[in-house]
There are 2 protein chains.
Amino acid sequence: MSREICIYQEFLTEAHKDQIRAAAQAAGFTPHFFTLDQFEEAKACVQHCEVLYAHSIDLLRAAPATLQWYCCSFAGVDPYCQDPSLFANPDCLLTNTNAYGVTIAEHVVMVTLMLLRRMPEYAEVVRSRGWRSDLPIRSIRGSDFTILGTGDIGSNVADRLRGMGAASIVGVSRSGKPHSSFDEVHPISQLDAILPSAGILVAALPGTPETVHLLNRKRISLLPEGAYVINVGRGSLLDQDALADALNSGHLAGAALDVVVPEPLPQDHPLWDARNLLLTPHVSGNLTLGYTCDRAVQLFCQDLLNYAEGRPLAALVDRTRGY
Amino acid sequence: MSREICIYQEFLTEAHKDQIRAAAQAAGFTPHFFTLDQFEEAKACVQHCEVLYAHSIDLLRAAPATLQWYCCSFAGVDPYCQDPSLFANPDCLLTNTNAYGVTIAEHVVMVTLMLLRRMPEYAEVVRSRGWRSDLPIRSIRGSDFTILGTGDIGSNVADRLRGMGAASIVGVSRSGKPHSSFDEVHPISQLDAILPSAGILVAALPGTPETVHLLNRKRISLLPEGAYVINVGRGSLLDQDALADALNSGHLAGAALDVVVPEPLPQDHPLWDARNLLLTPHVSGNLTLGYTCDRAVQLFCQDLLNYAEGRPLAALVDRTRGY
């Protein structure tokens, strides 16, 4: 019986499929492609597949204990780590896809500039066909940044801020290990000492048990008066009520959230009306950019060859740690 | 009689005034400071001043023939060049202030990302408390840019796009002289040959007789299907009716205008409703950013010393050429 891969994805072009076919052939595998409207066909197929490339909790749940590797096409795999019962095979390998650094970093640069340059307010001026241009603004050039998370996303953000003349870029990571994109990196255990000088805080952390409500009410109050908070990791990082309070009281000058809890945000949620909040519906890291899609396929193909050769998978996730 | 400077500005801090006082003393001048609510006092003062540092057509018009140098605190001095009768002294020197490259470049990066990432559409989604994230987006990384104008503004834009991974940056200037911030620079006489491949066109040209309606209906139609147009120079560059038509027909994917004709835009102007038009009320280059203000004062003080020593003024404008 030949070794088989079930691929359940919407974003693949014919060129992407050809790339996957070539890598599969080199690795000794047969790929089977399904789009999202072919769930039943994919479910039937995955019963005799060793590898699943998808982003579907339902399809993973339907996979048998013979599944050896689940490659998720998203970067955040928190739903798969929170519920071990999803894997019929407890030893099934889980990989994620770190292809989102570029698109999320461009989102961060955009919303940072929108906040610093008062764009939500100017949008209201234009909406009412008014004309004013006198609001005091700030620039990325000469500003100090603190970035929570120094991985693919955090480092891509740092590189772009550097290119625009940021004065300093401090990283915060679990280990505190130095990284060339950052002026300094501190371990997350020192967060309370760092927050009082975090005037522009960018959060790009995975959703893990350790990061849930890491930015609680007390830590949000530690941020300096007039600080900005930008979150592109997971909504669970923040105490959203405390954030809304800090925005509405004016303690924070603004915030940009691309991730919230829950998504979609309920119609009556207080975040919709929070002052100076730039909300986006989880758009920063989707498979809606050609580069991201190309990179995702490339990373899967590389790890497929690693898998076939018995080498460690580059994107392996520690399911207990959560990233 | 001591040599005197009339300074009629709103943005100066005490630190800025101290800088100007020090430069004036070194140059053998006495400075007189007025805020915008002190027009009559400034008008009385300018009668015996050799230098005027302001941005006021009315005050310039009130200045006598003994005025030798008018330093305008803005970059665009088209109103002063279009009407020679403003200067009682026909040989009065005119300088502008090239302090806006950083702030305008940050504006350009912001609106470029907002267009490529469909932010006006996502803002409407959020405004109606909806939730979707599937609009195809594009990135600065890997994109090709054409920039009209290779001066302080154009080159600051180019450097930032480069830092974000732009694939190519073509400049267009009057002379076509090579510039290190651009992959290549073409003379404006070749514009018709360049436009068909200008998928993202940024215009940062001064308002001169040569640039009025440079982007006329025919040239707008030369842009490729799905192109973007960003204008931070002068509104007179564009045939606005033709631009609105090209947006509404879908020939252009989007545009961002920070400058229009006239400003403010009349309430019934068709640009308010043009499709995928990101309009801002001339906010990109105001004296609303600390760095810009600091740089403006620095440039004035440098040229004050040049003036006192009889050296050429660094920011001298050719009043017949317009920049």
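We now turn to the structure provided with this report. (Residues numbered from 1 in each chain as written. Chains lettered and ligands numbered in written order. Predicted model: local features only at pLDDT ≥ 70, side-chain atom pairs only at ≥ 80, totals over all residues. Heavy atoms only, no water.)

1. Quick look at the overall build of chain A
Within chain A, the regular secondary structure consists of eleven helices and twelve strands. The globule rule puts the C-alpha radius of gyration for 323 residues at 20 Å, and the 21 Å found for chain A is close to it. In terms of overall dimensions, chain A has a C-alpha envelope of 70 × 45 × 35 Å along the principal axes. Burial statistics for chain A: of 323 residues in total, 56% are counted as buried. Counting contacts in chain A only where the partners sit at least 6 residues apart, residues at least 24 apart contribute 62% of the total. Summed over all atoms, the accessible surface of chain A reaches about 12900 Å², with 51% contributed by carbon and sulfur. (Helix = DSSP H or I, 4+ residues; strand = E, 2+ residues; numbered from the N terminus. Rg over C-alpha atoms; globule rule 2.2 N^0.38 Å. Buried < 20%, exposed > 50% of the residue type's maximum accessible area, 1.4 Å probe, protein only. Contact = heavy atoms within 4.5 Å. Areas by Shrake-Rupley, 256 points an atom, 1.4 Å probe, with all protein chains shown as cover.)

2. What to know about the packing of helix α1 (residues 14–27) of chain B against helix α11 (residues 290–309) of chain B
All names here are of chain B. Packing of α1 against α11 leaves a shortest axis separation of 9 Å and a crossing angle of 10°. One element, α1, and the other, α11, form an angle in the roughly parallel class. Of the residues in α11, those in contact with H16, Q19, I20, A23, A24, A26 and A27 of α1 are C293, D294, V297, F300, C301, L304, L305 and A308. Class assignment of the residues belonging to the contact of α1 with α11 gives a composition of twelve nonpolar, two polar and one charged. (Axes fitted to C-alpha atoms, helices over the stretch in contact; angles between N-to-C directions. Parallel < 35°, antiparallel > 145°, perpendicular 65-115°, else oblique. Nonpolar A, V, L, I, M, F, W, Y, C, P; charged D, E, K, R; others polar.)

3. Considerations on the packing of aromatic side chains
What the rule picks out here adds up to 16 aromatic pairs over all chains. Aromatic pair Y53 of chain B and F300 of chain B: ring centres 4.1 Å apart, planes at 5°, arrangement stacked. With Y53 of chain B in strand β3 (residues 51–54) and F300 of chain B in helix α11, this residue pair connects regions lying 247 residues apart in the sequence. Residue classification places F300 of chain B among the buried positions, given a relative accessible area of 1%. Through pairs of rings, three or more aromatic residues link up here, namely F29, Y53, W69, F300 and Y307 of chain A. It is R321 of chain A that lies over the ring of Y323 of chain A; its NZ or CZ is 4.1 Å from the centre. (Phe/Tyr/Trp six-rings, centres within 6.5 Å; stacked < 30°, edge-to-face > 60°. Lys NZ or Arg CZ within 6 Å of the ring centre and 35° of its normal.)

4. Re the sheet that holds strand β12 (residues 277–279) of chain A
Residues and elements named next belong to chain A. Strand order in the open sheet made by the seven strands is β8-β7-β6-β9-β10-β11-β12, with parallel pairing throughout. Looking at which strands have only one partner, the edges of the open sheet turn out to be β8 (184–187) and β12. When strand polarity is set aside, the average angle formed by the axes of neighbouring strands in this sheet is 15°. In this structure, strand β10 (residues 227–231) lies alongside strand β11 (residues 252–257), joined through five bridges in parallel fashion. For I230, the partnering residue across the bridge sits in β11 and is A256. Together, β6 (144–148), β7 (168–173) and β9 (200–203) form the strand contacts of helix α7 (residues 152–163), whose direction differs from that of β6 by roughly 170°. (Pairing = 2+ DSSP bridges.)

5. Looking at helix α2 (residues 39–46) of chain A
In an α-helix, one turn spans 3.6 residues, which is why side chains three or four residues apart end up on the same side. Residue and element names in this part refer to chain A. Within α2, burial applies to A42, C45 and V46. Buried residues along α2 cover an arc of 95° about the axis, so they all sit on one side. Those residues of α2 that are buried lie in contact with β1 (3–8), β2 (29–34), β3 (51–54) and α3 (57–62). (Arc of directions from axis to C-beta.)

6. Some remarks on the relation of the copies chain B and chain A
When chain B is fitted to chain A, the residual RMSD is 0.1 Å, and the transformation amounts to a turn of 180° plus an axial shift of 0.0 Å. Each copy turns onto its partner about a two-fold axis. Mapped onto chain A, 98% of the interface residues of chain B are again interface residues, and the two copies thus contact each other with one and the same surface. (Least-squares fit on C-alpha atoms with pLDDT ≥ 70 in both.)

7. Quick word on the pattern of salt bridges
With the rule as written, the count across this model stands at 26 salt bridges over all chains. For R127 of chain B, the salt bridge goes to E124 of chain A, with nearest N and O atoms at 2.6 Å. Of the two residues, R127 of chain B is situated in helix α6 (residues 119–127) and E124 of chain A in helix α6 (residues 119–127); the pairing between them involves two chains. Judged by its relative accessible area of 41%, R127 of chain B falls in the partly exposed class. Linking R217 of chain A and D245 of chain A is a salt bridge whose minimum nitrogen-to-oxygen distance equals 3.0 Å. One end of the pair, R217 of chain A, is in helix α9 (residues 217–222); the other, D245 of chain A, is in helix α10 (residues 240–248), with 28 residues separating them in the sequence. With a relative accessible area of 38%, D245 of chain A lands in the partly exposed category. (Salt bridge = Lys/Arg side-chain N within 4 Å of Asp/Glu carboxyl O.)

8. Describing the sheet that holds β1 of chain A
All names here are of chain A. The strand order β2-β1-β3-β4-β5 describes an open sheet built from five strands, whose pairing is parallel. Pairing within the sheet leaves two strands with one partner each, and these edge strands are β2 and β5 (93–95). Direction aside, the axes of adjacent strands within the sheet are offset by 15° on average. With three bridges joining them, strand β4 (residues 69–72) and β5 adopt parallel strand pairing. Along β5, the bridge assignment pairs W69 with L93. Sheet strands touched by helix α1 (residues 14–27): β1, β2 and β3. Its angle to β2, the strand with the most contacts, is close to 155°. Along the sheet, α2 makes contact with β1, β2 and β3, crossing β1 at roughly 160°.

9. Digging into the interface of chain B and chain A
Between chain B and chain A, the residue contacts involve 49 residues of the former and 49 residues of the latter. Across the chain B to chain A interface the summed buried area is about 4600 Å²; carbon plus sulfur atoms make up 63%. Linking chain B with chain A are four salt bridges, by the criterion used here. Sorting the residues of the side of chain B that touches chain A by element identifies α5 (101–116), α6 and β12 (277–279) of chain B as the ones contributing at least two each. Classifying every residue of the side of chain B that touches chain A by side-chain character gives 25 nonpolar, eleven polar and 13 charged. (Buried area = accessible area lost by both parts, 1.4 Å probe.)

10. Details of a negative patch on the surface
All names here are of chain A. Together, E10, D37, E40 and E41 give the surface a local cluster of negative charge. With respect to the helices, strands and loops of the structure, E10 is situated in the loop between β1 and α1. On the basis of relative accessibility, which here comes to 47%, the residue E10 falls in the partly exposed class. (Patch = residues over 30% accessible without salt bridge, like charges linked within 9 Å, V, L, I, M, F, W, Y side chains within 5 Å. Lys, Arg positive; Asp, Glu negative; His and termini not counted. Charge placed at Lys NZ, Arg CZ, Asp CG, Glu CD.)

11. Remarks on the pairing of β4 of chain A
The alternating pattern of β4 of chain A places W69 and C71 of chain A and Y70 and C72 of chain A on opposite faces, both of which are buried. Viewed along the sheet, the connection from β3 of chain A through α3 of chain A into β4 of chain A turns out right-handed. (Right-handed = clockwise from strand over helix to strand, strands pointing away.)

12. What about the pairing of strand β1 (residues 3–8) of chain B?
Residues and elements named next belong to chain B. Within β1, five of the six residues are buried, which leaves the element mostly enclosed by the surrounding structure. The pairing of β1 with strand β2 (residues 29–34) spans six bridges and is classified as parallel. Looking at the pairing, E4 lines up with T30 of β2. Handedness of the crossover joining β1 and β2 through α1 is recorded here as right-handed. Strand direction decides the pairing type here: β1 and β3, joined by four bridges, are parallel. Pairing of Y8 across the sheet is with A54, part of β3.

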